[in-house]
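Residue-level structure breakdown
Here is what each chain is made of, one letter per residue.
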Amino acid sequence: MYTEAERYNRKQKEVNVTTQVSVSKVKQFLSHLLEQENANKITNKRENPLEKKHQHKLKIEGIQNENLPKRNQNYFKKPAKKSITDKGDELFKMGNKILQESKSQKQKTEAYTLFTRAADMGNLKAMEKMADALLFGSFGMQNITAAVQLYESLAKEGSYRAQNALGFLSSYGIGMEYDQAKALIYYTFGSAGGSMMSQMILGYRYLSGINVLQNCEVALNHYKKVADYIADKLEKSEGIPVEKVRLTERPENLSSNSEILDWDIYQYYKFLAERGDVQIQVSLGQLHLIGRKGLDQDYSKALYYFLKAAKAGSANAMAFIGKMYLEGNAAAPQNNATAFKYFSMAASKGNAIGLHGLGLLYFHGKGVPVNYGEALKYFQKAAEKGWPNAQFQLGFMYYSGSGVWKDYKLAFKYFYLASQSGQPLAIYYLAEMYATGTGVLRSCRTAVELYKGVCELGHWAEKFLTAYFAYKDGDVDSSLIQYALLAEMGYEVAQSNSAFILESKKAKILGKEKMYPMALLLWNRAAIQGNAFARVKIGDYHYYGYGTKKDYETAATHYSIAADKHHSAQAMFNLAYMYEHGLGIAKDIHLARRLYDMAAQTSPDAHIPVFFALMKLETMHLLRDILFFNQFTTKWKWLKLDSTVGPYWDLLVIGLIVAMLIFLLRNRHR
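Sequence order sets the numbering: in each chain, residues are counted from 1 along the sequence as written. Given that the model is predicted, a residue must reach a pLDDT of at least 70 before its local features are reported, and side-chain atom pairs must reach 80 or more before they are shown or counted; all residues, however, enter totals for whole chains, interfaces and linings. Water and hydrogen atoms were dropped before computing side-chain values, which therefore reflect all heavy atoms in the structure.

**Looking at the overall build of the protein chain**
Rules: Strands are runs of DSSP state E lasting at least two residues, helices are runs of H or I lasting at least four, and both sets are numbered from the N terminus onward. Three labels apply to residues, based on accessible area from a 1.4 Å probe with only protein chains included: buried if under 20% of the type maximum, exposed if over 50%, partly exposed otherwise in between. In this analysis, two residues are considered to be in contact whenever any of their non-hydrogen atoms come within 4.5 Å of each other. Where accessible areas are quoted, they stem from the Shrake-Rupley method and a 1.4 Å probe; at the residue level, only the protein chains shown are allowed to cover.
Across its full length, the protein chain carries 34 helices and zero strands. Looking at the 670 residues of the protein chain, the share that counts as buried comes to 50%. Summarising the internal contacts of the protein chain: among those between residues at least 6 apart in sequence, 55% fall at separations of at least 24. Within the structure as shown, the protein chain displays about 33200 Å² of accessible surface, and the carbon and sulfur contribution to it stands at 53%.

Written out as structure tokens, the structure is:
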């Protein structure tokens, strides 16, 4: 299948090189779509929580937007000598450059204006961008029917992104017929054409045995290709970690989630930083340096805060300034001498980041002659202080034999130490060692798990933030479609978030009859990856018959796994209830008592429900002893509480106990 897919994609690429404007059908459809959507404006609905609320209107027809950069306006004043194809290419490149250079919503919207024009001129890459915007609901443009039609036309032209998207939509039955076999075909063609997402999805499917035979070696092959691509990017820059907010958190925690910095808190931090709080200055500098906690990446602000902190004597700030000048950016142009100066200032104070920076300068010969001995010395000092990047560099020196004898045992040691702090390249090289059996016993499963962790650092993870903000803004369909794609790629957090949205029944892109079965499928995938909450959810679905038949035995099995493996208080409580009533398992009052007690010991939140459950259990046990203890036992055998009082008699008893307690407490105070 792969050979055929590769041949097909190669042929399509050749066709696309010779003629790019051969997709008149796609052009006509896009023009019609623009008319249908009243494409005189694209309203920016995505708002950064750290910026003032605003709506930015754009004129698509004629490119007359006053807010477009002057360089773009000058471009359009040039004589129209280029062909339509060349103009489309230029517009796409300009839009892509704007999109890559900034994370501000205003500039993103400007980029999509250019993509729209380029797509209308027949540019395939721009059409892909617009199809994605229609699918994911970028700037309020969500129209899945239109997206599917556009993807299908693009797939015929050999677009691997379109093939990946069609595979995703087929796998969920969104806008298309639910068809896992067709999804697998689309993913196969997408991966052969160069789609990293398709490679990752296939890797996850073969790892977990989803609609294919479980095969670790095939999964390894797919994940390695993606991990190689990510590692190459990481060697040039550290990458930007993406906050993955869990929607299963309590509402009060979600609104002030620690993963996203609230606007008011940010303003308070700014106030403290201006008042001279050095620690806050360094923290804000770091957040702006890499764009974390919902903040836009802003090198000028980062440098501003680092300089204030460095002036106050912060060694960390000095080291980060050195890092900025070493890597180079708009605010701090690349300058090895300046980097050396600040790294030396930080290192003189014993700072691990500064020591590591000096090691890098000597290792790569930046501003100083290459000196592996000096590099090794600085890396060792920084590694002893626990800096993971220095531990990785030591591992790499022993792994590659750079300035030292190759020593795979030492390389493994340092890679492992760095990986414990999440250093991505260390995880990648550990995966390489396990995949090839270099310095360790070969383990396909371990290698795949490590590669998977590296793959999840790809740029596609940025959808976690856009999906979260869409959910917060009430755009549930846009949020679900983004989380669902990430779930298909194997992200556990996305799987639980997608299931959470589906079971809320707020989404409109799937029929209500499909929501519970699909949610159950996603909870199951999340549970397999170690999510205790998801495991309890599967038990609930089988207990109540959501998306499946009622099955108390299966429910009890899942509750047992969650209780034994994850020490879930909720699972212990549910299992205790089932033992108390003999639901799906043999009735055992003593075991029920024990599990209730364990639930209370595991979580403080379980104290009150456990208290009432035990009160009810002891009360009913006492009643049974009184009723059946005497010689007239047989006269009471007809008593069946379920049939006489109703199926919820236990809740009635709890209510009576509560009423009695309230009555006694009131009388006591009198």
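Next comes the rest of the write-up.
**Focus on the environment of Trp-460**
Our working rule: Identification of polar contacts relies on pairs of N or O atoms within 3.5 Å, with a donor-acceptor requirement for protein atoms, meaning one able to donate a hydrogen and the other able to accept it, and with residues adjacent in sequence counted only if both atoms are side-chain atoms.
Within the secondary structure layout, Trp-460 lies in the loop between helix 23 (444–455) and helix 24 (463–472). In this structure Trp-460 comes out as buried when scored by relative accessible area, which is 3%. Sequence separation between Trp-460 and Leu-485 is 25 residues; the distance between their C-alpha atoms is 9.6 Å. In contact with Trp-460, not counting residues within four places along its chain, are Met-196, Met-197, Met-200, Val-226, Tyr-229, Ile-230, Cys-455, Leu-486, Met-489 and Tyr-491. A polar atom in the side chain of Trp-460 sits 3.3 Å from the backbone oxygen of Cys-455.

**Observations concerning helix 17 (residues 336–347)**
Our working definition: The span you would expect from a helix comes to 1.5 Å times its residue count less one.
Over its twelve residues, helix 17 runs 16 Å from end to end, which matches the ideal 16 Å to within 8%, given 1.5 Å per residue. Packed against the buried residues of helix 17 are helix 15 (299–311), helix 16 (315–327) and helix 18 (352–364). Of the residues flanking the start of helix 17, the one acting as N-cap is Asn-335, its side-chain oxygen 3.1 Å from the backbone nitrogen of Ala-337.

**A word on the pattern of salt bridges**
For clarity, the cut-off: Criterion for a salt bridge: a side-chain nitrogen of Lys or Arg within 4 Å of a carboxyl oxygen of Asp or Glu.
Applying the stated criterion across every chain yields a total of twelve salt bridges. Salt-bridge contacts for Arg-525 lead to Glu-488; the nearest nitrogen and oxygen are separated by 3.8 Å. Placement of Arg-525 in helix 27 (residues 512–528) and of Glu-488 in helix 25 (residues 476–488) is noted, with a sequence separation of 37 residues between them. Take Glu-488: its relative accessible area is 3%, and that puts it in the buried class.

**Remarks on the packing of helix 27 against helix 28 (residues 532–544)**
As a reminder of what qualifies: As a rule, the C-alpha atoms of each element are fitted with a line to give its axis, helices using only the stretch in contact, and angles between N-to-C directions run from 0 to 180 degrees. Orientation is classified from the angle alone, with under 35 degrees giving roughly parallel, over 145 giving roughly antiparallel, 65 to 115 giving roughly perpendicular, and any other angle giving oblique. A crossing counts as left-handed when the near helix is turned anticlockwise from the far one by less than a right angle, and as right-handed when that turn is clockwise. By the convention adopted, Pro, Cys, Tyr, Trp, Phe, Met, Ile, Leu, Val and Ala count as nonpolar, Lys, Arg, Asp and Glu as charged, and the other residues, Gly among them, as polar.
Relative orientation of the contacting elements helix 27 and helix 28 amounts to 140 degrees, with a least axis distance of 8 Å. Relative to helix 28, the element helix 27 is oriented oblique. Viewed along their axes, helix 27 and helix 28 form a crossing whose handedness is left-handed. Of helix 28, the residues touching helix 27 (which contributes Tyr-516, Ala-519, Leu-520, Trp-523, Asn-524, Ala-526, Ala-527 and Ile-528) are Phe-533, Ala-534, Arg-535, Lys-537, Ile-538 and Tyr-541. The class makeup of the residues in the contact of helix 27 with helix 28 is eleven nonpolar, one polar and two charged.

**Side note on the state of the cysteines**
For clarity, the cut-off: Any two cysteine sulfur atoms within 2.5 Å of one another count as a disulfide.
The final tally for this structure, using the stated rule, is one disulfide. Here Cys-216 is linked by a disulfide to Cys-444, with a sulfur-sulfur distance of 2.1 Å. Between Cys-216 and Cys-444, the S-S dihedral sits near -110 degrees, and the bridge is therefore left-handed. Residue Cys-216 is located in helix 11 (residues 216–236), and its partner Cys-444 is located in helix 23; the two are separated by 228 residues in the primary sequence. Given the relative accessible area of 24%, Cys-216 is considered partly exposed. A relative accessible area of 10% means that Cys-444 is categorised as buried.

**So, the packing of helix 11 against helix 23**
The description of two helices packed together rests on the angle between their axes and the distance between the axes. Remark: helix 11 packs on helix 23, axes separated minimally by 8 Å, with the N-to-C direction vectors making an angle of 35 degrees. Seen from above, helix 11 lies across helix 23 with left-handed handedness. Between helix 11, through Cys-216, Glu-217, Ala-219, Leu-220, Tyr-223, Lys-224, Val-226, Ala-227 and Ile-230, and helix 23, the contact on the second element is made entirely by Cys-444, Arg-445, Ala-447, Val-448, Tyr-451, Lys-452, Val-454 and Cys-455.

**Topic: the environment of Ala-569**
With respect to the secondary-structure elements, Ala-569 resides in helix 30 (residues 569–581). Under the relative-accessibility criterion, Ala-569 is labelled buried at 14%. Once residues lying within four places of it in the same chain are set aside, the contact partners of Ala-569 are Ala-599, Thr-602 and Ser-603.

**Considering helix 27**
The periodicity of an α-helix, 3.6 residues per turn, causes residues three or four positions apart to be oriented the same way. The end-to-end C-alpha distance of helix 27, which contains 17 residues, comes to 25 Å, matching closely the 24 Å that a straight helix rising 1.5 Å per residue would cover. Burial in helix 27 covers these residues: Met-515, Met-518, Ala-519, Leu-520, Leu-522, Trp-523, Arg-525, Ala-526 and Ala-527. Phi turns positive one or two residues past the end of helix 27, at Gly-530, with a value near 100 degrees.

**A short note on the side chain of Gln-180**
For Gln-180, the position within the fold is in helix 9 (residues 180–193). Of the polar contacts made by the side chain of Gln-180, one reaches the side chain of Tyr-178; its length is 3.2 Å. Beyond its immediate sequence surroundings of up to four residues, Gln-180 is in contact with Ser-171, Arg-205 and Asn-211.

**Digging into unusual backbone geometry**
You will see that Lys-505, though not glycine, has its phi angle at about 60 degrees, which is positive. Unusually for a residue other than glycine, His-567 sits at a positive phi of about 55 degrees. You can see His-567 is positioned in the loop between helix 29 (552–566) and helix 30.

**A look at the packing of aromatic side chains**
What counts is decided by this rule: Pairing of aromatic rings covers Phe, Tyr and Trp, the last counted by its six-membered ring, and requires centre-to-centre distances within 6.5 Å; plane angles under 30 degrees mean stacked, over 60 mean edge-to-face, and any other angle means tilted. Any Lys NZ or Arg CZ found within 6 Å of a ring centre and within 35 degrees of that ring's normal is scored as a charge over the ring.
Within this structure, the stated rule accounts for 36 aromatic pairs. Ring centres of Tyr-362 and Tyr-378 lie 6.0 Å apart, and the angle between their planes is 10 degrees; on these two criteria the pair is classed as stacked. Taken together, the residues span a long stretch of sequence, with Tyr-362 in helix 18 and Tyr-378 in helix 19 (residues 372–384) at a distance of 16 residues. You'll find Tyr-362 and Tyr-378 in the same group, each marked buried. Taken together, the aromatic side chains of Phe-363, Tyr-372, Phe-379, Phe-392, Phe-396, Tyr-399, Tyr-408, Phe-415, Tyr-428, Tyr-429 and Tyr-451 make up a single cluster linked through ring pairs. We note Lys-377 situated over the ring of Tyr-378; from NZ or CZ to the ring centre the distance is 5.0 Å.

**Section: the confidence of the model for the protein chain**
Spelled out, the test is: Each residue carries a pLDDT value, the predictor's own confidence for that position, ranging from 0 to 100.
Averaged over all residues, the pLDDT of the protein chain equals 80, while 76% of them reach at least 70. Counting interchain partners and residues more than four positions distant, the pLDDT-below-50 stretch residues 251–257 has nine contacts. Between residues 629–639, whose pLDDT stays under 50, and residues either more than four places distant or in other chains, the model counts seven contacts.

**Description of the environment of Ser-498**
Structurally, the position occupied by Ser-498 is in helix 26 (residues 492–504). When its relative accessible area of 0% is taken as the criterion, Ser-498 is described as buried. Non-local contacts of Ser-498, meaning those with residues more than four positions away in its chain, are made with Leu-480, Tyr-483, Ala-484, Ala-487 and Leu-522.

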